[in-house]
Amino acid sequence: MHEDGAETLDLLVKVRQGDERALEELLGRHRPALLRYVQLRLDGQLKSRVDPSDVVQEAHLEVARHIQDYLSRVPMPFWLWLHRTTYQNLIRLRRVHRDAARRTVNREVPLPDESSILLARRLFAGSPWPGQHLVDEEIRRRVEEALQRLEEIDREVLQLRAFEGLENDEVAQVLGLLPGTASKRYGRALLRLRQALAADSPPESRP
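What this report covers is the structure whose coordinates are included nearby. (Residues numbered from 1 in each chain as written. Predicted model: local features only at pLDDT ≥ 70, side-chain atom pairs only at ≥ 80, totals over all residues. Heavy atoms only, no water.)

**Here's the deal with the side chain of His83**
Relative to the helices and strands, His83 is located in helix H5 (residues 78-101). The buried category is assigned to His83, whose relative accessible area is 6%. Those residues in contact with His83, other than ones at most four positions away along the chain, are Leu34, Tyr37, Glu164 and Val174. (Helix = DSSP H or I, 4+ residues; strand = E, 2+ residues; numbered from the N terminus. Buried < 20%, exposed > 50% of the residue type's maximum accessible area, 1.4 Å probe, protein only. Contact = heavy atoms within 4.5 Å.)

**Describing the nonpolar core**
Membership of the largest hydrophobic core comes to 60 residues, with the highest contact counts inside it found for Ile67, Phe78, Leu123 and Leu158. If you tally residues by element for this core, the top one is H5, at 9 residues. In contact with Leu123, not counting residues within four places along its chain, are Leu158, Ala162, Tyr186, Leu190 and Leu193. (Core = buried A, V, L, I, M, F, W, Y, C linked by side-chain atoms within 4.5 Å.)

**Let's talk about the pattern of salt bridges**
One pass over the structure, following the stated rule, counts 15 salt bridges. One salt bridge connects Glu7 with Arg29, and the closest N-O pair in it is separated by 2.6 Å. With Glu7 in helix H1 (residues 6-16) and Arg29 in helix H2 (residues 20-39), the pair connects residues that are 22 residues apart, well separated along the chain. Across the pair Glu58 and Arg65 runs a salt bridge whose closest N-O atoms are separated by 3.6 Å. One salt-bridge network, held together by shared partners, links Arg36, Arg41, Glu156 and Glu164. (Salt bridge = Lys/Arg side-chain N within 4 Å of Asp/Glu carboxyl O.)

**Quick look at the packing of aromatic side chains**
With the rule as written, the count across this model stands at 3 aromatic pairs. Centre to centre, the rings of Tyr70 and Phe78 are 5.9 Å apart; their planes meet at 70 degrees, and the pair counts as edge-to-face. Judged by relative accessible area, which is 2%, Tyr70 ranks as buried. Where Phe78 meets Trp81, the ring centres are 6.0 Å apart and the plane angle is 55 degrees; that geometry is what we call tilted. With a gap of 3 residues between them, Phe78 and Trp81 both fall in helix H5, about one helical turn apart. Phe78 gets classed as buried once you look at its relative accessible area, which sits at 0%. For Trp81, a relative accessible area of 10% puts it in the buried group. By way of ring pairs, the aromatic residues Tyr70, Phe78 and Trp81 are connected into one cluster. Between the NZ or CZ atom of Arg41 and the centre of the ring of Tyr37, over which it lies, the distance is 3.9 Å. A cation sits over an aromatic face here: Arg161 above Tyr186, 3.9 Å from the ring centre. (Phe/Tyr/Trp six-rings, centres within 6.5 Å; stacked < 30°, edge-to-face > 60°. Lys NZ or Arg CZ within 6 Å of the ring centre and 35° of its normal.)

So far we have only geometry, and geometry alone does not tell us how the molecule works.
Okay, structure coming up:
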């Protein structure tokens, strides 16, 4: 499992001692990674109503409220706890907007168009993959259709593995799953994505 760096650990010691500026510095160091994490998970319609910076700020406030409880237990590396807190806030955010708009945001694929293509290429990097002969638009369409058929948590498993580079145990902690369950969900979701990209269709070529 990826552990916290030495500077993060030093700042956590200062936070434990009551240094508020150390907490601000700690959160600031991790802000770019969290902002990227959120940006990759907001589809076009939700992103038009929600500023990713606001999502990160809400996660920071949540962390500040519970930092002493975290330090009393240290159940996981700090950076992983940040991701878990942000993920839980994103889930609540989607539910709020779904209820407010009286429509199912969960039916929308929580990925910008370009991220759908990046997801497929990262998941199958390093070996021949079933969509390599397709043009970007067809890859995007097939990935989005496959993701729409997955449960939300399965989509998140794929994204954490592909975009964040998390290992199975880390994915399990972020999502509150047993490691075996996270592994099974990843394998099942990856198989469905592979099948979607390998499905027979008229070959397409770039202009």
